[in-house]
Each structure stands twice: as C-alpha cells, then as structure tokens.
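Geometric and topological summary
Given next are the chains, with one letter for each unit.
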Amino acid sequence: MSESFPALRPNAFRDAWCGQVLGDRVDSEVRVAGWVHRRRDHGGLVFIDLRDRTGIVQLVFHPDSSGDAFELAHKLRAEDVLSAAGRVVRRSEETVNAELPTGEFELAVASAELLSDADTPPFQIEGFSGDVGEDARLRHRYLDLRREQMRDALVLRHRVSAAMRDFLDGDGFLDIETPVLTRSTPEGARDFLVPSRLQQGSFYALPQSPQLFKQLLMVAGFERYYQIARCFRDEDLRADRQPDFTQLDIEMSFVDVDDVIAINERLLVHVFDRVGGPALDLPMRRLPYDEAIARYGTDRPDTRFGLELVDLADDLAQTEFKVFRSMIDSGGAVRGINVGAREMPRSALDGLISRAQELGAKGLVWAFREGEGWRSPTAKFLSADELKGLNERLGAEEGDLLIVVADRPKIANAVLGQLRLELAAEFGLIPEGSDDLLWIVDWPLLEANDEGGWDPLHHPFTAPAADFDPDDPGATRALAYDVVWNGQEMGGGSIRISDSAVQRDVFAALGIDEAEAESRFGFLLEALRYGAPPHGGIAYGLDRIVQRLAGAESIRDVIAFPKTASGTDALTGAPAPIDDGQLREVGLKLRAQPPPSRP
Ligand code: ASP
C-alpha cells in the first residue's frame, strides 16, 4: 500500500521513518524509532528488524562500534519499543534483502534506547500464523493491528473514505453530522436503546441510519449532504454484519432517480480509480427488481455466471403429480435450474435435498436428462410430454443435472437463489477476479408480510413511482435503487416522499395509524409541510466496500475494533453488566439477575 509520509521534525526519538532509510541517506546519520519486529544473533553481531508504520529497516549492532547499545541489543525481544541512531550503510550484495524496500541498506547502530519493554505477546506479529484464533486477535486487537495485513486494510479503508470525501467535496456536498442519541429511524432492524437519566422511563434510540436527519437537512435547504456515519442495528449477526457499522450517507435535493444514479456512478469510478478497484463501464447496467427475482431468485444477484432460475409452471399446467399440482393450485411456484453436465453421487444429491430443506423448502426434485425423459426418482410421476416440456424449458442437454423446487414463490426463489450460489462455488463457475456491479431498479414499494400486513422493501420514507393507491398497496412501484457488487448489496437508496399527505398514506398502509404516526414521526410530517424540496439519496456500507476491495474474508478484518460474531467486544468486554447504582440513576430495575460478568 503506497502512502506518503511527511518529513519528521527531529526529536529525541527519531528524525526519519524506518521506511525512509533508502539510498539518499547512505552515509548520513539517522535516528529511527519503532517496534522490534525480529532479532537475530549472528557471528557476534546482533540484527534487529525495526518496524514503524512505514515499513521495516535493519539495524546492526556491532560489539566494537555500538557501545552500550550492543549489550541492550542482546536483551531486546519482539515488540519492545526502541529508538536507535547510527549511520546508514549499503549492505554487501549477498546480504541484500529483496523483500524489503529498505533491503539494500542498514543502520550501523551507534546508540540506542529502550523506550518500552514489551511482555511476550500472546501471538507472534512477525511470523503470524493463520491458526491464531480470532478471539485472541480481537482480545489483543492492538497487537493484531500491528500486522502488515491489518495495517494495509486500515490504510485502504482510510484511502477509500478520503476518496469519497474528496469526490463529494468537489461536487458541492457538505459533511454535516447528525445525532447519535435520537429517536428510532426505522430501517427494518431492532433499535439499540439508551435510558435517559434526566427523563426517567424515556429512552433514546441509536440511529439505524441518519435517514430522517438527512431529509430534514434537505428541508433546511442544504441541497447536497454527506456523512460517513455510524449506524446501529440490533439484529442477528452474520459474516457481513456488525451491530455498529459505517455508512457513506448521501442526500440531494431537486433530483430524480437518474441524477442520483449518475452522480453515484461518477463517485464509484473516482473511488475505484484512486484505490485500485474494478474498472466500471458507465452507465452501469440496470436490472429491474422483478427480473432479478425471476432470473436469480434474489434482489442482490451475482450475475457473473448463469444457472438462472426458470419458471416451470406453464409446462406443468395439467400435471397430476400431487406435489406440483397442489403447489400450483394454491398459488405457489415451480421453478428450476439447469445446473449443466455435472457428476454428482447419490449422497451429494441427497445433500442438495437436505440443504434445500435447511433453507426453508419442503423439498427438492433432482433429475438428469436422459433421452427425452429424466433419470430421477420423480420421473415416474410426470408424463412423457411434461418431461419433454421441462427439458426444453430448462434447455437441458443429455446428462444435464436439473433441480426443481415447488413452494411458495418467496421460498422457491430464495432457496434456488442460494443453491445457485453454492453450486457455482462448488463447480468453480465464478470467473476468478471478475467483478460485476449493477443497479437494481424499479422496486415494489411494499411487500406483503406473513401477518397479512405490508412492509417497506426499503424504508417507510421511499417515494412511490406513481400515485400511491392505499387500496392496492402492493401494486405501487418505488423510486428506489440498490447497487449490487458480485451478489452483495453495497448500497441502496431512493427518492423520498416529500409530501406530508403521501407520507401519511404510506404510514397507514404500513399499519401505523394517525396517532402513532404523529407521536413517532410528527416532526417529519410537520417539516414536510414547511416547503420540502423533492429529494433523494443513497447510503453505502463502507465496511463491505472496503472488505471487497481488500479481498478480506470478513468485514471484521477491515474494522479497527469490531465485535465478535456474538456481538461482544472481546477487548473491552462490552456489553457488560452495570451496578445497582447506575441502574438506579436511570430509574431501571432488572427483571432477572444478570449472569456473572466475564473475566
Ligand atoms: N437510509 C437508507 C439505509 O440506511 C439509505 C437511504 O435510503 O439513503 O439503507
């Protein structure tokens, strides 16, 4: 990772960075400071690799010329903090270390001072091996962050956010902070709550996003806002989730969908150019939501490979196979994927069935095309015509593996969408190093939930594309868009409702009655009545973007101090019980005794 470093003001600790001990300093005196990366005793000489943020330089301690420092060198251990001064010399040809930028030079130490004595670290920094458990790494995160890979990830993170700021600053966006102690800003997760001491019985919610504040900033006339903002969502954790995470949050006034998309495409190009991300062809592809679901089973499709979903209901209109018949009659879906010519033993096929069940489907039908029909336990339930029709519909060639799921459409899509990814990974169908970024557009505004009500696909403040018909909430499309990168949602946003009456109608459709709307969102409804410009925006998951750019396995690897998979901070021990006095101060009493605190 290339970083530039300013000249140092010489002081008692150092006058040069370790990474700057290069040819232009040969024969000059320098003082460097840093951590002992490695020590080697060699034929009466002691070699120390000294590390600071810029890199590593080799120090040589000589019994004749290093004075007291030679004694000290013998006692140094990994991670001690040292300041050393001496002359920069060119290494002899056989001792050049081609791995290090400073590898042609070394410092012949004349004096050195131990600035801090280090305990033996719980794991090695130099020679770190991948089998150190993540718990240990997180518990001693300040040591883990000394590793080059972690440092590079955080440097990259900084460069990504700096490039974002730079672009937005150039385009007239203002960086404005919004509160962390606030009221609920619903983004579909549970709120984290903070009890108020001054108004006992009342709680702040930590923002799930700055959504409502950025809208208020548009009402206030700022027109272009951004913030690299902390967001808090109390939801079940997965590999790509943290309870507190970071968004690049953007909002603009007097814009339509194309304006927001255009500026964001330029933003992405700028950031990727700066940090070495994928090259983008503009305009980026736009895929309508319905098509994404129909072809990939998901609103965040990985379109780098085929294995698309195919609807089979037409070919089964007359079927007498009970499983398919009852599903079709009850409004369900029968969908399939042609997995191609794959060998799969019976046990693996059974594995596919259990995997489908694990994902929520009742079952899965597998088949291999054989002649005009199928080799499959299900073949005997289907007519010859049906099999022929299915083969054609799935584009099946002799020997191709076909999988079919009959279920409620949502489940059939979700299960096949997931199996599609897993099969692509298993059979290596995703071209190495390939990238695909696209927009998902033309979303429905609301979707039916299992309780007979409606939920927003984005959030309740998303503008309908046409007049909202409260009698047919499911029919309305939304002015919303998501950016998807290799099957992961990187960001999403929408044009917002800027009319108070429409906002009330949408609240009502979501089951939020007048009184509740007034008590929870009265401030927004009121603001919308004082001259709200048309406005819209987007937010990106910064952690995910950096994770992908860094090629890291988890977002935890690009966050300085992340939480573990169970939402705890292994370093500080948060969350932690509080004592009775603190509870009393905020007027709370626990219903159950907390378990004893962890050491
Ligand atoms: N507030 C939204 C979110 O956090 C993004 C947006 O609509 O701008 O997903």
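Structural notes, computed from the coordinates. (Residues numbered from 1 in each chain as written. Predicted model: local features only at pLDDT ≥ 70, side-chain atom pairs only at ≥ 80, totals over all residues. Heavy atoms only, no water.)

**So, the side chain of R137**
Worth spelling out the cut-off: In this text, helices come from DSSP runs of H or I with a minimum length of four residues, and strands from runs of E with a minimum of two, each type numbered from the N-terminal end. Between N or O atoms, a polar contact is any pair within 3.5 Å; within protein, one atom must be a potential hydrogen donor and the other a potential acceptor, and residues adjacent in sequence are included only when both atoms are from side chains. Here a residue-residue contact requires only that any non-hydrogen atoms of the pair lie within 4.5 Å.
Relative to the elements of secondary structure, R137 occurs in helix α2 (residues 134–139). Side chain to side chain, R137 and D144 meet in a polar contact 3.0 Å long. If we ignore the near neighbours within four places in the chain, the residues touching R137 are F123, F128, V132, D144, R147, M150 and D557.

**Comments concerning empty space enclosed by the protein**
Threshold: We place a 1 Å grid over just the protein atoms. Points where a 1.4 Å probe fits but has no way out form a cavity, open points with protein on both sides within 12 Å along at least 5 of 7 lines form a pocket, and any residue with an atom within 4 Å of a point lines it. Grid points are joined across faces, edges and corners, and a volume is the space filled by probe spheres set on the points. Each residue is assigned to one of three groups, with Ala, Val, Leu, Ile, Met, Phe, Trp, Tyr, Cys and Pro labelled nonpolar, Asp, Glu, Lys and Arg labelled charged, and all others, Gly among them, labelled polar.
All chains considered together, the criterion is met by one cavity of 30 Å³ or more. In this structure, the largest cavity encloses a volume near 40 Å³. Contributing to the lining of the largest cavity are L268, F272, L437, V483, W485, M490, Y540 and I545. Elements supplying a minimum of two residues to the lining of the largest cavity: α6 (257–275) and β20 (477–485). A class-by-class count of the residues in the lining of the largest cavity yields eight nonpolar, no polar and no charged.

**With respect to the layout of surface pockets**
Reported here for the second largest pocket is a volume of approximately 890 Å³. As for the second largest pocket, its lining consists of 35 residues, of which G55, I56, E99, L100 and P101 are closest to the centre. For the lining of the second largest pocket, the elements supplying multiple residues, two or more each, are β1 (29–42), β2 (45–52), β3 (55–61) and α4 (148–170). Split by residue class, the lining of the second largest pocket holds eight nonpolar, twelve polar and 15 charged.

**Things to note about the side chain of K214**
Mapped onto the elements of the fold, K214 is located in helix α5 (residues 211–219). A polar contact of 3.0 Å, which involves the side chain of K214, links it to the backbone oxygen of I250. Each residue touching K214, except ones within four places of it in the same chain, is listed here: Y225, D249, I250, E251, R496 and I538.

**Things to note about the sheet that holds strand β9 (residues 224–232)**
The test is simple: Here, any two strands with at least 2 DSSP bridges between them count as paired. With axes taken as lines fitted to C-alpha atoms, and helix axes fitted only over the stretch in contact, angles between N-to-C directions fall between 0 and 180 degrees.
With mixed pairing, the eight strands of this open sheet are ordered in space as β6-β9-β10-β22-β21-β20-β17-β11. Each end of this open sheet is capped by a strand with a single partner; those strands are β6 (174–175) and β11 (285–288). Sitting on the sheet, α5 touches β9, β10 (244–253) and β22 (535–541), and the angle it makes with β10 is about 20 degrees.

**Quick word on the sheet that holds strand β15 (residues 373–375)**
Strands belonging to one sheet form pairs held by backbone hydrogen bonds; the direction of such a pair is parallel or antiparallel. The strand order β12-β13-β16-β14-β15 describes an open sheet built from five strands, whose pairing is antiparallel. In this open sheet, the two strands that pair with only one neighbour each are β12 (309–311) and β15. With direction set aside, neighbouring strand axes in the sheet form an average angle of 40 degrees. The pairing of β12 with strand β13 (residues 333–340) spans three bridges and is antiparallel.

**Section: the packing of aromatic side chains**
Our working rule: Put simply, two rings from Phe, Tyr or Trp (the six-membered ring, in Trp's case) pair if the centres are within 6.5 Å, and we call them stacked under 30 degrees between planes, edge-to-face over 60, tilted for the rest. The buried label applies to any residue whose accessible area, calculated with a 1.4 Å probe on protein chains only, is under 20% of its type's maximum; exposed applies above 50%, and partly exposed to all values in between. Sitting over a ring, as applied to charges here, requires NZ of Lys or CZ of Arg to be within 6 Å of the ring centre and within 35 degrees of the ring normal.
On inspection of all chains with the given rule, the structure shows eleven aromatic pairs. On the basis of an interplanar angle of 80 degrees and a centroid distance of 5.9 Å, the ring pair of F123 and F128 is categorised as edge-to-face. Taking the relative accessible area as the measure of exposure, F123 reaches 6% and is therefore buried. Note on F128: relative accessible area 23%, which makes it partly exposed. Members of the aromatic cluster, connected to one another through ring pairs, are F321, F324 and F381. When the ring centre of F128 is taken as reference, the NZ or CZ atom of R147 above it lies at 3.6 Å.

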